[in-house]
Amino acid sequence: MQNTLLKIENLSKVFGGVRALDAVSLTINKGEIHCLAGENGSGKSTLIKVVSGFYKPEGGVITIDGKQYGSLSITNAIRLGIQVIYQDFSIFPNLTVAENIAMNYELYNRKKLVSWSKVREIAQESMNHIGISIPLEEKVENLSVADKQLVAIARSILYNARLIIMDEPTSALTRKEVDKLFRVVRQLQSEGVSILFVSHKLDEVFEIADKFTVLRNGKLIVTDDAQNIDSEKFIYYMTGRKIEEEYYVPEVIDQEHTLFEVRNLYLKNGFEGISFAIHAGEILGITGLLGSGRTELAKALFGLYTIDMGSIYVDGEEVQIKTPQDAIRHRIAYVPEDRLTEGLFLSQSVKNNLVVSHIDALLRWGRLDRRRMDAQAAKWIDELAIKVHKLEDPIQTLSGGNQQKAVLGKWLGTSPRVLILNGPTVGVDIGSKFDIHAFLRELAARAEMAIIIISDDISEVLKNCNRILIIDKGRITGEYANTELNEHSLMQRVTAGEVEEA
Amino acid sequence: MKKILRRNEFYIALTILLLGIIIQTTSGQFFTANNFVDLARSLIVPGMLCVGVMMILVSGNIDVSFPAISMLSMYAVVKGFEITGYQGPVFAAFILSGLIGLFLGAINGILAAWLKLPTLIITLGTGSVYLGFMQGVLKSSVISVLPKPIANLSKAYLFTVHNAELGVSSSLSVMFVLLPLAALSVALIMRYTMLGRGIYAIGGDIISAQRAGFRVPWIQIFVFSFMGALAGVVGMTRVTLTGMCQPTTLIGIEMTCIASVVLGGVRITGGHGTVTGALLGALLLTMISNSLILLGIPSYWTKFATGVLIVVGIGITAYQALRADRRVMANILQSDAKPIPNGERDHA
Amino acid sequence: MPSAQVKAPSRLQGLLGREPDITRLTIMLIVVYAAMALLRPGIFLTKDYTISILYLFPEYGVLSLAMMLALISGGIDLSIVAVADLAGIASCKLLVAAMPEDASLPVATLVLLVAVLFAVLIGAICGALSSTLIAIIGIPPMLATLGSADLILGLAVAITKGSSVKNLPPILSDVVNTNLLGVIPVTTVVFAFCAILVSYLLTQSSYGFKLVMLGSNKVASRYAGLHNTKIIFQTYILSGILSSLSGVLMCARFNSARSDFGTSYTLQALLVCVLAGVNPKGGYGKVKGVVLAILILQILSSGFNMFPTISNFYRNLIWGLVLLLIMVYNHFSERHQAKKMAIKIK
């Protein structure tokens, strides 16, 4: 009893009829490192938000220090020593590094006035604690993604935190930085601080956690000691299935038929020396950490950035891609990373979302041809098995997986020659994920479309791409056939990070 | 030094200087004491309003109702004094006007915080209500003979300068002290209080601000209430400076103020801006409208000229931001986090 | 993974039809009309009064259509009145200058036509200016159109040196102030034409479809390959053209051209759009709704004239209050809708 820091009993959270959390119970002891695992949509983000006071639960009890609470307010949670580092870091881009780091201290101590020397002192101390150095007066919006994450971590490792919740903290870190992070985590543990660590990476559970908990569909599946887990059990707990995807090995690769090729692409501050070619029947994978330049590359291929140097060839012909209109004209399609802001028109119907990119082909005598619009929409709903009641339903009501299928359908309607997908199954349920993968393999087999999958999901890239490029700091650092590697070896190469001085 | 060059405020100051030189060379009348006093005098009202507008914009909001708040407060007080025959100390007028403004501004704040409606439309609505109230219910009209206390104040000057060449003299009203007072208070709040940092925080990322534990609704209410109170005081200031109470005197000034602060580097999207920038922007626009006469431009071209300059000024900042969007900002190609020399590395 | 649940619409909703906002507006219109008719049947129900209602509303009715387009695109056009004034002034100047003495009716009509086309051209140019500021320079629409309004109005003031264009040839007011078939004012016809055109564009054309998508999500629109810049240009130029027509109508009514016509119309147009259910953040708006909202407002406005004790100044007050009330109502009904839709939030 003395050892328990936080106890959650039967916690539930409901959003408009959907149970995001269903009677979840969990205990965290003092100085314990606890990993919370689950697929996207499992409820782990919701759980964090309830514990940190951002949401109020619809049932259940939270016990801290022997006192019971029906719900927590944000300030209360902070006062009780609960600190959260969100995946989007929750930092203020318009403020300086020093101020962002010291923010917690200021608010915690109910400060009314600001002492800038104190702010700098606190910030410097915190950065020293975790062994990083970033200019204090730099505005955070100018920092790289990895640096932003470090600022967020530096902020939360401050006074009186008794439970630090980290939401996928390693997504942007190189191997060395992950090591550094884990050193700090163990140090905090030795000081009696508990860490709740959200992750879906098995390695991390093994490496750092004392205990782990798996959530699925809002329900608690299992809580156990970390030593009792293995990879098979992990997948089973997370997904409820024992599915193992097979490696994609195309039967025929037509080396003569190059669908898409790029040579020596260079974008200022973004990437350089990028060259690759895709032949009929192949799926190319590009993987790297957050901030490695992979998204910039994808966007440049679609005209959202304009490359400064280099050439692009579609079907052997050189093309100039300066705008998305150029890209579409040359039959390049891009399924973007952030479905909600970049891929979907949330307030519109499923039908509108499906036809928007080729609407000009669906006209009759200058007018919108509603019949053909309906037919097109129905076609892709059918081919991609999108679960929807009516074409007119708002796309908001679809699940993440079905929404992603709709984005894919939108692009397939333009009959592209090159299909670039960035993070195609992020936030997608396991069923839709496999559906999408299967569909992509089928498309590749038809040998009409060059497919590029850009993703940080090691397993996805490994299983579905016959060739994999590793990108780091804007340069390609490796090219492998997928059959040459396994998850572990690929992960190693991706997080190799800075070259060690010999 | 390099840091100064990167700052927006530097370029505005430079523009102001250049403009001054241009005007001096064409008319020979810019760098004169009496012109400076005239400028200072013209700067009082827009300057004070601009520092308030800056606070509003930094918080990520917009307020177009403050001219109406200003006019309603000032008219109510002057009329009230006239009717009651008030003869007491004049600062009561300012306090009263400020309180009325505070109340009206608080309404804006509450609507913004509670209902979370776009503040442009909220303040368009409240602005009309306040204006309509003043004109309809209070049946406002011009009061050319001010109540004694106020009339006396309007003749109080800090000092007077003479221009021998033109044979005119300019006097600086005591009201001028209010400008640095307002500017300083806003600057202190924004820089040295958690409230001020909270305003920047909300303007930067409102969700992060909530998560961090800032009391967002209260900060919103404060920002609008402060603007309202300031507007109320400015209304009385205007009355004192012009020597009469004209209830339509500030109509349209919201555009000038918003344009001024945007020129001064305050972003309309929120989170960025300084008092210095706001004041410089106000100075620039005041200079432009004051000096068009010196440049020999007929008065009916003034509005057009100011319009062109505003559009060009705002356009430049906006275009820079647009270009930045199309480029990769953070340097991915270089190694990012700086390595720490071995001796200083943390030993875990 | 919990699937989204969509509740089947209740029977009442089925009754109200698939367009609840239009139904709501129609009911409001009927109520307002009935109220006015009951209060002052002697004045309100006369033919003359009805004609005056029909005559007056197109001025800001056309402006409301202009505002609607800008709002749907996710922006706003605060320059509509400035454009109307400038276009009116420009075309009246042309009319005065180009009209030969003792012109016969066909010649006069021709000159009038040219003058109107000139107004439209001015409107289009102003629209192009705003579009350039918004789409090419990247100034947010609110600031861009406030800025262009200043510029445009400034130009109007400079051209007229603050006074007005007078002594217009009678052809303008003769044409505009007639009533077709004795009952339908020409202004109403102009408005009807504009409304039908805009409605067609919004519901039947590729432009309209793209406009709605752009307004729904500017980023996704770009990522989907839509030509955002082109759509913005089309929108604000159209808005400028509509505004210019309003300017011509105002000049016809006052038989002169000034730079300070219609200053309250910007707020009114915004009010009409908000009442009509146009989403101020973009992506949604119906011409049907705008027409109904215009009629409601005009009946209210004309109704005030029947009560001479309510001064014109109260108008501002009431419009402001109505705007706020509608926004509050919209906000709460939006929240209600969102709860009903069972969205899974992570």
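Residues numbered from 1 in each chain as written. Chains lettered and ligands numbered in written order. Predicted model: local features only at pLDDT ≥ 70, side-chain atom pairs only at ≥ 80, totals over all residues.

### Remarks on the environment of K219 of chain A
Residues and elements named next belong to chain A. Tracing the chain through its elements places K219 in strand β10 (residues 219-225). A count of 15 C-beta atoms within 10 Å places K219 in the partly exposed class. Placed 86 residues apart in sequence, K219 and S133 show a C-alpha to C-alpha distance of 41 Å. (Helix = DSSP H or I, 4+ residues; strand = E, 2+ residues; numbered from the N terminus. Buried ≥ 20, exposed ≤ 12 C-beta atoms within 10 Å, placed from the backbone.)

### A closer look at the environment of A152 of chain A
Assignment of secondary structure puts A152 of chain A in helix α5 (residues 145-156). Sequence-distant contacts of A152 of chain A, that is, excluding residues within four places in its chain, are made with I85, F89, S90 and I91 of chain A. (Contact = placed C-beta atoms within 7 Å.)

### What to know about the interface of chain C and chain B
The figure often quoted for interface size is the accessible area lost as the parts come together. Opposite the 36 residues of chain C that make contact, chain B presents 34 residues. Of all elements in the fold, only α6 (105-137), α7 (141-160), α13 (265-275) and α15 (313-340) of chain C reach the threshold of two or more residues within the side of chain C that touches chain B. Here the side of chain C that touches chain B takes 13 residues from α15 of chain C, the largest share from any one element. Here the residues of the side of chain C that touches chain B sort into 24 nonpolar, nine polar and three charged. (Nonpolar A, V, L, I, M, F, W, Y, C, P; charged D, E, K, R; others polar.)

### Description of the pairing of strand β12 (residues 271-280) of chain A
Residues and elements named next belong to chain A. Bridge count between strand β11 (residues 254-267) and β12: seven bridges; the pairing is antiparallel. What sits directly across from V262, in β12, is F276. The hairpin turn running from β11 into β12, its antiparallel successor, is three residues long, and N269 in that turn takes a positive phi close to 70 degrees. (Pairing = 2+ DSSP bridges.)

### Quick word on the sheet that holds strand β5 (residues 67-69) of chain A
Residue and element names in this part refer to chain A. Within the open sheet, the four strands sit side by side as β2-β1-β4-β5. Their pairing is antiparallel. What marks the edges here is a single partner per strand, and that holds for β2 (18-29) and β5. Across this sheet, the average inter-strand angle for adjacent strands is 20 degrees, counted without regard to direction. Relative to β2, strand β1 (residues 4-15) is paired through eight bridges, and the arrangement is antiparallel. Following the sheet pairing, L6 is matched in β2 by I28. Of the strands in this sheet, β1 and β2 are in contact with helix α1 (residues 44-51), which crosses β2 at around 65 degrees. (Axes fitted to C-alpha atoms, helices over the stretch in contact; angles between N-to-C directions.)

### Looking at the confidence of the model for chain C
Residues and elements named next belong to chain C. In the predicted model, chain C carries a mean pLDDT of 85, and the fraction of residues at 70 or more is 91%. Element-level mean pLDDT values for chain C span from 48 in helix α1 (residues 11-16) up to 96 in helix α10 (residues 206-216). pLDDT under 50 marks residues 1-16. Its contacts with residues more than four places away, or in other chains, come to 23 contacts. Scoring the predicted complex yields pTM 0.85 and, for the interface, ipTM 0.85. (pLDDT = per-residue confidence, 0-100.)

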